[in-house]
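Results of the structural survey
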Amino acid sequence: MGKVCVFFGTGYEEIEALTVVDLLRREDIPVDMVSITGEKNVAGSHGICVKTDCLLEDVDFGGVDMIVLPGGMPGTVNLEACAPLMEQVEAFYRAGKDIAAICAAPSILGHRGMLKGKKACSFPTFEEHLEGAEVTQNPVETADNIITGRGMGCAIDFGLAIVGKLKGKEQAAVLAGNVVYKHYER
């Protein structure tokens, strides 16, 4: 199994980013927290500063299986403004590799036409940016190689969907039980 990269821009939503990292590490899925800022320490939208594992320029995308884009403001805007990251998101999409985005971040995929004809969800005020998608209010949607989540309150569902994609739904259900999460569809 290759690795997952969770991308951190200034103003990322802390719970969305760190829940994914935590759940993946509990399952021994290789995951790197990657800063797009040029600095390893990145401040979230609520002032919580996290020291990431590496910088965007240090990532060998050949060994990456999934890109994860947390939401938050202005984190989502900062991720979308990062041309090198957007080049990789587009390359992953063209190659059919996995991309996951939550909260405001699915808008990034919508702006690029990646959600056309797919079920997708996002934070309610960003639903209009899910261009061409069948928008739902479900906590999480998985459509082919794209996983979208609604927001911070759905971060565990989102993280478990990622685990399910990488290790199977049964293992995601076991993890849900291990963290005493009852809402995950078993």
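Before going into details, it helps to say that this report is about the structure given with it.

Definitions and cut-offs
- Residues numbered from 1 in each chain as written.
- Predicted model: local features only at pLDDT ≥ 70, side-chain atom pairs only at ≥ 80, totals over all residues.
- Heavy atoms only, no water.
- Core = buried A, V, L, I, M, F, W, Y, C linked by side-chain atoms within 4.5 Å.
- Buried < 20%, exposed > 50% of the residue type's maximum accessible area, 1.4 Å probe, protein only.
- Helix = DSSP H or I, 4+ residues; strand = E, 2+ residues; numbered from the N terminus.
- Pairing = 2+ DSSP bridges.
- Contact = heavy atoms within 4.5 Å.
- Axes fitted to C-alpha atoms, helices over the stretch in contact; angles between N-to-C directions.
- Phe/Tyr/Trp six-rings, centres within 6.5 Å; stacked < 30°, edge-to-face > 60°.
- Lys NZ or Arg CZ within 6 Å of the ring centre and 35° of its normal.

This part is about the nonpolar core. With 30 residues, the main nonpolar core has Val-4, Val-6, Leu-24, Val-68 and Ile-162 as its most contacted residues. Contributing elements (two or more residues each) for this core: β1 (3-8), α1 (14-26), β2 (31-35), β6 (64-69), β7 (98-102), α5 (155-167) and α6 (169-178). Ranked by the residues each element gives to this core, the list is headed by α5, at six residues.

Turning our attention to the environment of Ala-176. Mapped onto the elements, Ala-176 comes out in helix α6. Exposure remark for Ala-176: the relative accessible area of 0% places this residue in the buried category. For the pair formed by Ala-176 and Val-20, sequence separation is 156 residues and the distance between their alpha carbons is 13 Å.

So, about the sheet that holds strand β11 (residues 146-149). Sheet architecture is open: seven strands sit in the order β5-β2-β1-β6-β7-β11-β10, paired in mixed fashion. Single-partner strands in this sheet number two, and they are β5 (54-55) and β10 (140-143). With four bridges connecting them, β6 and β7 associate as parallel partners. Within β7, the position partnered with Met-66 by the bridge is Asp-98. Sheet strands touched by α5: β1, β6, β7, β10 and β11. Its angle to β7, the strand with the most contacts, is close to 175°.

Let's shift gears to the packing of aromatic side chains. The relation between two aromatic rings is expressed through the spacing of the ring centres and the mutual angle of the planes. Scanning all chains against the criterion turns up three aromatic pairs. Judged by centre distance (4.7 Å) and plane angle (65°), the rings of Phe-8 and Tyr-12 are edge-to-face. Each member of the pair, Phe-8 as well as Tyr-12, carries the same accessibility label: buried. On the numbers, 6.3 Å between centres and 85° between planes, the contact of Phe-61 with Phe-92 is edge-to-face. Taken together, the positions of Phe-61 in the loop between β5 and β6 and Phe-92 in helix α3 (residues 83-95) put the pair 31 residues apart, joining distant regions of the chain. Under the relative-accessibility criterion, Phe-92 is labelled buried at 3%. Positioned over the ring face of Phe-92 is Lys-97, at 4.2 Å from the centre of the ring.

These figures capture arrangement, not role.
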